[in-house]
Amino acid sequence: QVQLVESGGGLVQAGGSLRLSCAASGRTFSSYAMGWFRQAPGKEREFVAAINWSGGNTYYGDSVKGRFTISRDNAKNTVYLQMNSLKPEDTAAYYCAARYAPLVPGGSRRENEYQYWGQGTQVTVSS
């Protein structure tokens, strides 16, 4: 079992930045690949980014590529999502997820590829 708690969400103007954190507890954090997803009201949950256990491989959804960066600190049991150049369409609840297996080639981009989920943190980008 692993428990995930997101933080760092909030209200930001378009063009601004936020850094989300996801703190993990439970089983060995470095055993997990990690992902970030988001869900806007009335929309399906969308893949944002994923990172393998070592941090050496990262993958991004097309809508955030070049603006968001996923990273992890295994010593702190934490994964981060640095979000720059935010747009109103980035407004959503952001969820981190843990996968007790290596990422599939191309990154694990589907919800059912992750076993554990956090409760989410809200990001609102004003225009």
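The structure we're discussing is the one just above.
Note that the structure is predicted; figures quoted are calculated from it, not measured.

1. Considerations on the nonpolar core
If you look at soluble globular proteins, the nonpolar side chains tend to sit buried side by side.
Move 1: Of all hydrophobic cores here, the largest spans 30 residues; its most connected members are Leu-4, Met-34, Trp-36, Leu-81, Met-83 and Tyr-94.
Move 2: Of all the secondary-structure elements, those providing two or more residues to this core are β1 (2–7), β3 (18–26), β4 (33–39), β5 (46–51), β7 (68–73), β8 (78–83), β9 (92–99) and β11 (121–126).
Move 3: Within the second largest apolar cluster, seven residues are counted, among which are Phe-37, Ala-97, Leu-103 and Tyr-114.

2. Some thoughts on the pairing of β8
Move 1: Along β8, five of the six residues are buried, which leaves the element largely enclosed by surrounding structure.
Move 2: Both β3 and β8 contribute to a ladder of six bridges, which runs antiparallel. Across the sheet, the residue bridging to Ala-23 is Thr-78, located in β8.
Move 3: Both β7 and β8 contribute to a ladder of six bridges, which runs antiparallel. Counted as the bridge partner of Asp-73 is Thr-78 from β8.

3. Brief notes about the environment of Gly-35
Move 1: As for its position among the elements, Gly-35 is in strand β4.
Move 2: You can call Gly-35 buried: its relative accessible area is 1%.
Move 3: C-alpha separation for the pair Gly-35 and Phe-47, spaced 12 residues apart in sequence, amounts to 7.9 Å.
Move 4: If sequence neighbours within four positions are ignored, Gly-35 has contacts with Ala-49, Ala-50, Tyr-95, Cys-96, Ala-97 and Tyr-114.

4. Brief notes about the packing of aromatic side chains
Move 1: Scanning all chains against the criterion turns up six aromatic pairs.
Move 2: With a centroid separation of 6.1 Å and an interplanar angle of 70°, the aromatic rings of Tyr-32 and Tyr-116 are classed as edge-to-face. Here Tyr-32, found in the loop between β3 and β4, pairs with Tyr-116, found in strand β10 (residues 116–117); they are 84 residues apart in sequence, far enough to count as distant.
Move 3: The exposure class assigned to Tyr-32 is buried, which follows from its relative accessible area of 1%.
Move 4: Among the aromatic residues, those joined into a cluster by ring pairs are Phe-37, Phe-47, Tyr-114 and Trp-117.
Move 5: Over the ring of Phe-29 we find Arg-72; its NZ or CZ atom is 4.4 Å from the centre of that ring.

5. Concerning the state of the cysteines
Move 1: Using the criterion set out here, one finds one disulfide in the structure.
Move 2: Across the disulfide, Cys-22 is cross-linked to Cys-96 (sulfur-sulfur distance 1.9 Å). Given an S-S torsion of about 45°, the disulfide between Cys-22 and Cys-96 has right-handed geometry. Separated by 74 residues along the polypeptide, Cys-22 in strand β3 and Cys-96 in strand β9 bring together distant segments of the chain.

Conventions adopted
- Residues numbered from 1 in each chain as written.
- Predicted model: local features only at pLDDT ≥ 70, side-chain atom pairs only at ≥ 80, totals over all residues.
- Heavy atoms only, no water.
- Core = buried A, V, L, I, M, F, W, Y, C linked by side-chain atoms within 4.5 Å.
- Buried < 20%, exposed > 50% of the residue type's maximum accessible area, 1.4 Å probe, protein only.
- Helix = DSSP H or I, 4+ residues; strand = E, 2+ residues; numbered from the N terminus.
- Pairing = 2+ DSSP bridges.
- Contact = heavy atoms within 4.5 Å.
- Phe/Tyr/Trp six-rings, centres within 6.5 Å; stacked < 30°, edge-to-face > 60°.
- Lys NZ or Arg CZ within 6 Å of the ring centre and 35° of its normal.
- Disulfide = S-S within 2.5 Å.

Purely geometric numbers; function is a separate question.
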